[in-house]
Amino acid sequence: MLLRRHGVVRLVQGCAAVLVVSACTGDGGSDLSPTDAGTGAPPPSCTPRTWYADGDGDGVGIASASVSACAPPPGHAAIAGDNCPHAYNPEQWDADGDGLGDACDATPSHCEDLAETAISSRFTAVSADGASATIHELVGDDVSISGSRAVRVVSQSGAYSGARFSPGVGNTLDLRLVDEVRLAVRGRAQDPLGWQGPPVVVIEDAQGRRAQLWPTSTALPNGTGAWTTLAAPLRLAAQGGSVGGWGWSGQLVDLARVRALEVAVDVWGAGMELDVDGMTLAAAAQSCAWHCPANCHGRGACQLETLSCECDLGSTGRACEACAAGFVESEGRCVLANDGEYDTWPNPVSFRNSDPWLVVHHAKIRQLRPRVLVLNYVNPSAMGDVQQLIDDLRRGFRESSRALGDPNALPQLDYQLARPIVDLRDGYAGHPAPPAGYPHENSTLLPRRPANEAGEWRMDYATLFDPAYAAHYGFTHPDAPGQFMDLCTLVERGHINEVWLVISGEDPTDVNMAEVLEAKPRYSATGNLLPGEPERCAGNGCYDVDVPVCGRSLRIGAVNYRRGPGCYLHSQGHGLESVGARGTVPTLTSWFVPFAGFDLDSRLGLPVSNLYGLTCSDTNGDGQSDPPCVSYPDDDTAHLFHAGNTYRVNPYDGACGNVHFPPNATWHYDYANTDTVRSTCLDFGLVTGEEPAPRTLVGSALWSANEAVTGDCGGGYLTWWFQRMPGFGTGHVYRDGRLMLSVWPHLFY
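Predicted model only: the values in this text are computed from it and were never measured. (Residues numbered from 1 in each chain as written. Predicted model: local features only at pLDDT ≥ 70, side-chain atom pairs only at ≥ 80, totals over all residues. Heavy atoms only, no water.)

(A) Fine view of the confidence of the model for the protein chain. Mean pLDDT over the protein chain stands at 90; residues scoring 70 or higher make up 92%. Residue range residues 1-43 is modelled with pLDDT below 50. Its contacts to residues more than four positions away, or to other chains, number 57 contacts. (pLDDT = per-residue confidence, 0-100. Contact = heavy atoms within 4.5 Å.)

Here is the structure:
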């Protein structure tokens, strides 16, 4: 038998196999004598009784774990039959009569989702200001990320509001052996300002003490449908302080007697919905199986960070349950409703900007022939000279889009005129002559804002979209005799894909305008159009808020009549930098950022992400930075000047450079620098695996010959820069072997 004395348990032969405190009798005898306690006198007589192990201290023990003793040993009770041996429940309530106490129904095993059972009785809505708040049960695997149920709080509160879980009246949870409360939340605030702070997890003990735990760097998105996952470290509730990106406030609580868990969020304004799911109690190292809603219907990948579906191309919805616009379902997949195999664009089935056909067939497109509408506003220009400038510019894009600079390669971008250049000069093509004393080179037909009208650009871009201006474009409306198609209609019907404004940019008294502006839809990583407002800043600047946004992308560029074709390549390059660095089109951003050296902070540990961020400047007016933005003690080392400090980098790799800074540049526009530095540009995207890309010498000798075609504004370098980008058949791949998609179709996404 097992015998305990003075805290020591010993095995004694011949006694019954029960844990006893008093000496046993029988044939086996005992190793304790009546005077073994050291008193010299026999112990007082008693009548032993049975006691039952009561580990949770609720006064009801476990029938199968008994002890015979005169007095109750520590941790034992006189009554047996605890229907929930590991949770404090003295009342032994069993509401559903299943023999398992309510406390056990409410005290989950690790990774058991509290939101899966008895939501209506276990969860209540809370609001700090007493406003109306109600609990709702969401059912279905398309709304849940754990099991098939989730909790929704609908509240009219203008303060903290959320969901409160309780194990039942009089019941508590013993969370001393639990590391984290895990849960996922998402919400929608009625006020556009959204949330005042992060979601807060509250631990409340049986004494009413409340500990508030909150993530220091996690924000709750408003209305996106994406889940935010939380893992609140419970030790903060008992100890205070901060750990692992979590803070604590309020009171310290007794984790052995927890009567409620809450999750709440503070809202601007009033009115919100908050969904809660996957509320589990888990060990820190434990992995709990959460899933995306409906497992994305097999048409997407689950993003575990947000528990949201990244739908395959053509699928849409929170759980990829539907096909996107332009797609239809076929054998469980979403395919183009209007498809065709072509290697050029536009083509008979696809000719509009932002057409899903472009995305589906991106890798197969050998050549793009977009239709550009050209408007000439320069009064002193000759139309023949304007035609020559546009022809030179179109040639510049053809040369710039030859794969890796191969003179025999097919140009991948070959602009076509949507119609002959539109003459908007004063006094020509039936337009009235300018008024006497008119001071500007650009005609009166160039839209200009009134002096008292707000807007960053004093050129009035909004007028270009006005139906009243449509007659200047000269496209009659086939459905409205006597009327003309406005700009958005021309884009929607695929008559034009881009607009070039030929202007004089050398008149300092005229209105300002952007080099290139673009409004572009936002895309997912798989190429799906994302809902919501398009990106109005996809060019080198942003459209003013009064400028209409068509349902498809549209780029409007200013071609300076007084400069060479390289200057518009320069402008187009800035537009590409903007959309490429912004993440508007992830399949472009993923390679453009390292290509153009927009990752200097993450790759080289510099305080700026790209060379535009350096604070170097021309302090003495000699046309050079003093000190240089970048200097090169040798071809493997760079010194970068920023905010009064010099940063030495060895080995330095400027990649392929950006519009202002070639890989060997010392400051802005340093296109003619003959010095060479080492760069990975010539092998960018042409090396797979872990092997580092070769670093070869790069300098102006590589691009100076292009000046004959695309001269001015660094056009020779920019032609080389464009040629080094991924294109059709160039073989550019990521390190894991995935294809980098060509730059050129992205322009018309």
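(B) Geometry of the pattern of salt bridges. Under the definition given, this model contains 38 salt bridges. Aspartate 479 is the salt-bridge partner of arginine 493, the closest N and O atoms lying 2.5 Å from each other. Note that arginine 493 is positioned in the loop between α7 (487-492) and β31 (498-503) and aspartate 479 in the loop between α6 (461-464) and α7, a separation of 14 residues in sequence. Note on arginine 493: relative accessible area 31%, which makes it partly exposed. When its relative accessible area of 56% is taken as the criterion, aspartate 479 is described as exposed. Two residues, aspartate 736 and arginine 738, come together in a salt bridge whose shortest N-O distance is 2.8 Å. Taking relative accessible area as the criterion, arginine 738 reaches 47% and is therefore assigned partly exposed. It is possible to trace a salt-bridge network through shared partners that takes in Arg152, Arg186, Arg188, Glu273 and Asp275. (Salt bridge = Lys/Arg side-chain N within 4 Å of Asp/Glu carboxyl O. Helix = DSSP H or I, 4+ residues; strand = E, 2+ residues; numbered from the N terminus. Buried < 20%, exposed > 50% of the residue type's maximum accessible area, 1.4 Å probe, protein only.)

(C) A look at helix α5 (residues 383-400). Compared with an ideal rise of 1.5 Å per residue, which puts 18 residues at 26 Å, α5 spans 25 Å between its outermost C-alpha atoms and is within 8% of the ideal. For α5, every residue scored as buried is listed here: Val386, Leu389, Ile390, Leu393, Arg394, Gly396, Phe397 and Ser400. Along the axis of α5, the buried positions cluster into a sector of 155 degrees, meaning they face one direction only. (Expected span 1.5 Å × (residues − 1). Arc of directions from axis to C-beta.)

(D) Spotlight on the sheet that holds strand β35 (residues 637-642). Across the sheet, 3 strands lie side by side as β34-β35-β36; this open sheet has antiparallel pairing. Bordering the open sheet on either side are β34 (630-634) and β36 (645-649), each of which pairs with just one other strand. Sheet twist, expressed as the mean angle between neighbouring strand axes with direction ignored, is 25 degrees. Bridging between β34 and β35 involves 3 bridges; their strand directions are antiparallel. Residue pairing for β35: aspartate 634 is matched across the bridge by threonine 637. (Pairing = 2+ DSSP bridges. Axes fitted to C-alpha atoms, helices over the stretch in contact; angles between N-to-C directions.)

(E) Quick peek at the pairing of strand β10 (residues 149-155). Bridging between strand β9 (residues 133-139) and β10 involves 7 bridges; their strand directions are antiparallel. The residue bridging glutamate 137 from the neighbouring strand is valine 151, located in β10. Across 5 bridges, β10 lies against strand β19 (residues 272-282) in antiparallel orientation. The residue bridging valine 151 from the neighbouring strand is valine 276, located in β19.

(F) A look at the pairing of strand β21 (residues 308-311). Residues Cys309 and Cys311 of β21 are buried on one face, while the alternating residues Ser308 and Glu310, pointing to the opposite face, are not. Relative to β21, strand β20 (residues 300-303) is paired through 4 bridges, and the arrangement is antiparallel. Note on β21: the bridge partner recorded for alanine 301 is glutamate 310.

(G) Spotlight on the state of the cysteines. One pass over the full model with this rule turns up 10 disulfides. Covalent S-S linkage joins cysteine 296 and cysteine 309, the inter-sulfur distance amounting to 2.2 Å. Between cysteine 296 and cysteine 309 the disulfide shows an S-S torsion of about -95 degrees. By sign, it is left-handed. Placement of cysteine 296 in the loop between β19 and β20 and of cysteine 309 in strand β21 is noted, with a sequence separation of 13 residues between them. Accessibility expressed as a relative area gives 1% for cysteine 296, which makes it buried. Linked covalently through their sulfurs, cysteine 616 and cysteine 629 form a disulfide whose S-S length is 1.8 Å. (Disulfide = S-S within 2.5 Å.)

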